Amino acid sequence: MLDNPAPVNNATWRLRVYGAVGRQLSLTYREVVALADRERALLDCTSGWYSVQDWHGPRVGWLLDQAVPHANAVAVSFKSVTGYRWSLPLAEVRAALLATHVGGEPLSHGHGAPLRLVAPGRRGFQWVKWVHQVEVLTQPDYEQWLLIFTSSARL
Ligand SMILES: Nc1nc2c(c(=O)[nH]1)N[C@H]1C(S)=C(S)[C@@H](COP(=O)(O)O)O[C@H]1N2
Ligand SMILES: [Mo]
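Residues numbered from 1 in each chain as written. Chains lettered and ligands numbered in written order. Predicted model: local features only at pLDDT ≥ 70, side-chain atom pairs only at ≥ 80, totals over all residues. Heavy atoms only, no water.

**Concerning the sheet that holds strand β11 (residues 131-137)**
No. 1: Spatially, 5 strands are ordered β2-β1-β11-β5-β6 in an open sheet, and the strand pairing comes out mixed. Both edges of this open sheet fall to β2 (25-27) and β6 (85-89), since each of them pairs with a single strand only. Averaged over all neighbouring strand pairs, the angle between strand axes comes to 15°, with direction disregarded.
No. 2: The pairing of strand β5 (residues 75-80) with β6 spans 5 bridges and is classified as antiparallel. The partner of Phe78 across the bridge, within β6, is Trp86.
No. 3: Here helix α2 (residues 60-67) sits on the sheet in contact with β1 (15-19), β2, β5 and β11, set at roughly 130° to β2. (Pairing = 2+ DSSP bridges. Helix = DSSP H or I, 4+ residues; strand = E, 2+ residues; numbered from the N terminus. Axes fitted to C-alpha atoms, helices over the stretch in contact; angles between N-to-C directions. Contact = heavy atoms within 4.5 Å.)

Written out as structure tokens, the structure is:
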């Protein structure tokens with residue numbers, strides 16, 4: 001879309017997991033990289049191209065096991081440093097990855113470093129780049145439709 005943030009500093013970046021959870025998480029880049037997991041997935045862009053890649057990073061289900069969502073949780077929102085965000089239903093989201101690496105290499109800035117959502121079966125626009133927050137929601141997020149078209153932060 002319109003996003004074009006400055007490169008994210010891995011040394012100060014934290015992945016925050018919060019919202020309707022029993023335990024909030026705050027993880028460093030090193031801690032996230034250590035949560036090895038792999039997923040081969042198809043990135044299907046709505047504008048018509050695709051590419052198959054090996055993605056590496058923690059499974060969202062693992063993060064949720066640590067954070068313990070409340071019983072009334074319905075969805076999980078992935079938030080970019082730019083304000084761009086997208087959510088997936090709780091039932092589906094456990095299988096998604098938050099990728100630090102692609103094809104064995106750390107993500108480049110343009111592909112969303114240090115962390116981007118990999119949501120197999122979902123369109124490219126839902127694969128949020130430059131993720132720094134994961135919020136467990138108790139109701140659907142309608143504002144996300146606006147933010148994907150209005151976020152453009154140059155931080
Ligand atoms: N934060 C953020 N994430 C984003 C976007 C964006 O503009 N901002 N564009 C989306 C769209 S439309 C696509 S197709 C993919 C493109 O991923 P790529 O740049 O790694 O190929 O990222 C998605 N994630
Ligand atoms: Mo896209």
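Read on, since the account is not over.
**Brief notes about the pattern of salt bridges**
No. 1: According to the stated counting rule, one finds 5 salt bridges in the structure shown.
No. 2: In this structure, Arg85 engages Asp141 in a salt bridge whose closest nitrogen and oxygen atoms are separated by 2.8 Å. Highlighted residues: Arg85 in strand β6 and Asp141 in the loop between β11 and α4 (144-150), separated in sequence by 56 residues.
No. 3: The exposure class of Arg85 is buried, given its relative accessible area of 16%.
No. 4: Two residues, Glu92 and Arg122, come together in a salt bridge whose shortest N-O distance is 2.7 Å. Placement of Glu92 in helix α3 (residues 90-93) and of Arg122 in the loop between β10 (116-118) and β11 is noted, with a sequence separation of 30 residues between them. (Salt bridge = Lys/Arg side-chain N within 4 Å of Asp/Glu carboxyl O. Buried < 20%, exposed > 50% of the residue type's maximum accessible area, 1.4 Å probe, protein only.)

**Description of the packing of aromatic side chains**
No. 1: Summed over the entire model, instances satisfying the criterion amount to 5 aromatic pairs.
No. 2: Between the aromatic rings of Trp13 and Tyr29, the centroid separation amounts to 6.3 Å while the plane-to-plane angle is 75°, which identifies the pairing as edge-to-face. Of this pair, Trp13 sits in the segment before β1 while Tyr29 sits in helix α1 (residues 29-34), and the two are 16 residues apart along the sequence. With respect to class, Trp13 is no different from Tyr29; both count as buried.
No. 3: Through pairs of rings, three or more aromatic residues link up here, namely Trp86, Phe125 and Trp145.
No. 4: Over the aromatic face of Tyr18 sits the side chain of Arg16, whose NZ or CZ is 4.0 Å from the ring centroid. (Phe/Tyr/Trp six-rings, centres within 6.5 Å; stacked < 30°, edge-to-face > 60°. Lys NZ or Arg CZ within 6 Å of the ring centre and 35° of its normal.)

This is a description of form; function is not addressed.
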